[in-house]
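Summary of structural features
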Amino acid sequence: MTSAAAPLLLMTPGPTRVPERVLRAGARPMIHHRTREFSAELATVVELLKPVFGTEAPVLPVHTTGRGALEAAICNFLSIGDEIAVCCNGKFGEMWAGFAESYGIIVHRICTDWTREVDVMDVARALETHPKICAVALTYSDTSTGVSNDIATVARTIRAVRPDVLVLVDGVSSIGGMPFAFDSWGVDFAATASQKCLMSSPGLSFVALSDRAWTATSRAKLPRNYWDFAAIQKEISKECPETPGTPPVDIVLQIAEALRLMHEEGLERVYQRHAQMAERARNGAAELGLALQCPNFGSFSTTLTAIAAPAGVAPKELRNGMRVRGVLTAGGLGKYADTSFRIGHMGDIRMADVDRTLVALAETLAELRVAR
Ligand SMILES: Cc1ncc(COP(=O)(O)O)c(C=O)c1O
């Protein structure tokens, strides 16, 4: 068991552990955001994020957590009365729908089964049935279930039927930990946030936009100020890049260092490490006699694993037992709040951390005398 004073091992799907080098990068004396020194760091961030998003387009910083970046997409691309389809196969898919509706967008909910990945046929049918749909929103890894939706196939299907329809992707718990190919998959908007795969403090998001998305921003009539993508683009494109208003300087410095770390490891290796950890987490759960929360996905996210608590055991009891052993996991979300728990294995998390988590889980199960 770990002493109460030792920091908990954060096996949560965000915020995730911030590596020492990244912590130090953000802990230096404050630098002013209108200086060449800060611009250089911001330029580094934007440049090093391009391969992470898989794009040649500039990646924009948005001073907000992931939710803000997604809400910003609604404001920047749409107008009241516009129709969109939202793939709601998880809490975060549903979140897209809620944000859009709150702005007066007509939402067609599709793929609402939380136990399945997005079905491209449902997407194609929605586009045929509702010809006014101008965007399809979905989540790459839905953090509530651990599904990985096949963005490439969905985007290809949309392009084949309606080339003008925007493909909007929530990559908050995936981009940086799972391969993403914004340009070649034909995505129009994608967002990620600082506190997950980018292993930094919460408070900053990043978005990528296609040419189609930029055209949509000039048509969209919803008001936006703080997170107006065109205003951010104007500042970030200066010879010495800046942001509108004051950015969270320390997080920008952290992200620059985190991206250097990721590129030193090599992005392919980073993705491979995540895939290996996910496999270990799934196999480890099975060896302990535990079922996955949604065992029937064709494709699982590699950044988290959602596990069903054994019959008669409250997930809270399991999580408490693991916390006493120094490991913090996350509760189930939405309809799984009372039946499952989630292990995050993203960003700086390594195989040894997954193994330590599985040991804590095994000990807790034994303590609770869960029959195997
Ligand atoms: C897939 C997904 N989308 C959006 C969000 C919201 O991000 P934030 O908490 O940074 O606002 C989260 C947070 O867990 C997430 O996992």
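The coordinates are above.
The present account deals with the structure reproduced in this document. (Residues numbered from 1 in each chain as written. Predicted model: local features only at pLDDT ≥ 70, side-chain atom pairs only at ≥ 80, totals over all residues. Heavy atoms only, no water.)

**Re the packing of aromatic side chains**
Counted according to the given criterion, the structure contains 10 aromatic pairs. Aromatic pair Phe77 and Phe189: ring centres 5.6 Å apart, planes at 70°, arrangement edge-to-face. With Phe77 in helix α3 (residues 66–77) and Phe189 in strand β9 (residues 189–193), this residue pair connects regions lying 112 residues apart in the sequence. A single burial state applies to Phe77 and to Phe189, both of which are buried. (Phe/Tyr/Trp six-rings, centres within 6.5 Å; stacked < 30°, edge-to-face > 60°. Helix = DSSP H or I, 4+ residues; strand = E, 2+ residues; numbered from the N terminus. Buried < 20%, exposed > 50% of the residue type's maximum accessible area, 1.4 Å probe, protein only.)

**So, the sheet that holds β9**
Spatially, 7 strands are ordered β2-β10-β9-β8-β5-β3-β4 in an open sheet, and the strand pairing comes out mixed. With one partner strand each, in any of the chains shown, β2 (59–62) and β4 (106–110) form the two edges of the open sheet. Pairwise comparison of adjacent strand axes, ignoring direction, gives a mean angle of 20° for this sheet. (Pairing = 2+ DSSP bridges. Axes fitted to C-alpha atoms, helices over the stretch in contact; angles between N-to-C directions.)

**Some remarks on the pattern of salt bridges**
For the structure shown, the criterion picks out 24 salt bridges. Here Asp353 makes a salt bridge to Arg17, at a shortest N to O gap of 2.8 Å. In this pair, Asp353 sits in helix α13 (residues 351–367) while Arg17 sits in the loop between β1 (9–10) and α1 (20–26), placing the two residues 336 residues apart along the sequence. Asp353 sits in the buried class, given a relative accessible area of 11%. (Salt bridge = Lys/Arg side-chain N within 4 Å of Asp/Glu carboxyl O.)

**Details of the nonpolar core**
Formed by 91 residues in total, the largest nonpolar core has its most connected members in Phe77, Phe189 and Phe229. The biggest single contributor to this core is helix α10 (residues 249–265), with 9 residues. Formed jointly, this core draws a minimum of three residues from each of two domains, domain 1 (9–16 + 267–367) and domain 2 (20–262). If you look at the next biggest cluster of nonpolar residues, it comprises 22 residues, including Met11, Ala309, Ala360 and Leu365. (Core = buried A, V, L, I, M, F, W, Y, C linked by side-chain atoms within 4.5 Å. Domains from an automatic or database assignment.)

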